[in-house]
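Remarks on the overall topology
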Amino acid sequence: MCMRFIYSICLFLFSVSAFAQNKAIDSLKILLTSARADTSRIHLLNKLSRAETEEANFNSAFIYAEKALDLSQKLGYQQGKVLALDNFGIAHTSMGSFDSAIHYFTLSLVINEKHNFVLATANSHNNLAISNWYKGNFSKALEYFGKALKVFEKAKDLDQIGNVHNNMGLVY
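1. Brief notes about the packing of aromatic side chains
With the rule as written, the count across this model stands at four aromatic pairs. An aromatic cluster of three or more residues is present, and its members are F62, F88 and Y104.

As structure tokens, this is what we get:
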């Protein structure tokens, strides 16, 4: 009886969570229908890509990331391009395609460094570290975590400093 009750509660919580996520995706899609071809549309496309990745809808995630990347290139919007590349990398990481993830995170890093997007550069280092860690390249992961940590310490971003330290500890 007790196990059946616990199972019912878990099932209910899972279904509520899934419903809420689908509702968020639906809301973003509705907003997208009226968004102009500007940076706000790029942000919606990138949010949709990330949300679809969280739901393991990787084909949809890639489609939205590609649309965000295309529009970002058309408008010359580098931050949107970086987010789209990161979304490709995150989706590939979630799929276990670490070489592809590293490719996209490296492209993102190049843009971030070129335009001196300091915190975004640190995030690229962190993403590269995680993908290398999952791939089993522990020394490379620690190298990238170290680069990210230096930037986050300089920016006094305590949350990210804690995250990087935690990740480094997990690598060891």
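Here the narrative resumes, following the displayed structure.
2. Points about the environment of L75
Along the chain, the position of L75 falls in helix α3 (residues 58–75). Note: C-alpha distance between L75 and D38 (37 residues apart in sequence) is 7.5 Å.

3. Concerning the side chain of N112
With respect to the helices and strands, the residue N112 is situated in helix α5 (residues 98–114). The class of N112 is buried, set by a relative accessible area of 0%. The contacts of N112, once residues within four sequence positions are left out, are V82, F117, A120, T121 and S124.

4. Concerning helix α2 (residues 39–54)
Over its 16 residues, α2 extends 23 Å from the first C-alpha to the last, a length consistent with the 22 Å expected when each residue adds 1.5 Å. What α2 keeps buried is the set I42, L44, L45, N46, L48, S49, A51, E52 and T53.

5. A word on the pattern of salt bridges
Within this structure, the stated rule accounts for four salt bridges. A salt bridge links D38 to R36, with the nearest nitrogen and oxygen atoms 3.9 Å apart. With a relative accessible area of 64%, R36 lands in the exposed category. One salt bridge in this structure joins E143 and K140, with 4.0 Å as the shortest N-O distance. Of this pair, E143 and K140 both sit in helix α7 (residues 138–155), three residues apart, roughly one helical turn. For E143, a relative accessible area of 37% corresponds to the partly exposed category. Put simply, K140, E143 and K147 are held in one network by salt bridges that share partners.

6. Topic: α3
In this model, α3 (18 residues) spans 25 Å end to end at C-alpha, consistent with the 26 Å of a helix rising 1.5 Å per residue. All of the buried residues in α3 are F58, A61, F62, Y64, A65, A68, L69, L71 and S72. Looking one or two residues past α3, G76 carries a phi angle of roughly 70°, positive in sign.

7. Here's the deal with the packing of α2 against helix α4 (residues 78–95)
At a closest axis distance of 10 Å, the pairing of α2 and α4 adopts a crossing angle of 10°. By the criterion of interaxial angle, the relationship of α2 to α4 is roughly parallel. Of α4, the residues touching α2 (which contributes I42, H43, N46, S49, R50 and T53) are G80, L83, A84, N87, I90, A91 and S94. When the residues that make up the contact of α2 with α4 are grouped by side-chain class, the tally is five nonpolar, seven polar and one charged.

8. Examining the confidence of the model for the protein chain
On average, the protein chain scores 88 in pLDDT, and the residues at 70 or more come to 87%. Across residues 1–20 the pLDDT falls below 50, and counting only partners more than four positions away or on other chains, this stretch makes zero contacts in the model.

What counts, and at which threshold
Residues numbered from 1 in each chain as written. Predicted model: local features only at pLDDT ≥ 70, side-chain atom pairs only at ≥ 80, totals over all residues. Heavy atoms only, no water. Phe/Tyr/Trp six-rings, centres within 6.5 Å; stacked < 30°, edge-to-face > 60°. Helix = DSSP H or I, 4+ residues; strand = E, 2+ residues; numbered from the N terminus. Buried < 20%, exposed > 50% of the residue type's maximum accessible area, 1.4 Å probe, protein only. Contact = heavy atoms within 4.5 Å. Expected span 1.5 Å × (residues − 1). Salt bridge = Lys/Arg side-chain N within 4 Å of Asp/Glu carboxyl O. Axes fitted to C-alpha atoms, helices over the stretch in contact; angles between N-to-C directions. Parallel < 35°, antiparallel > 145°, perpendicular 65-115°, else oblique. Nonpolar A, V, L, I, M, F, W, Y, C, P; charged D, E, K, R; others polar. pLDDT = per-residue confidence, 0-100.

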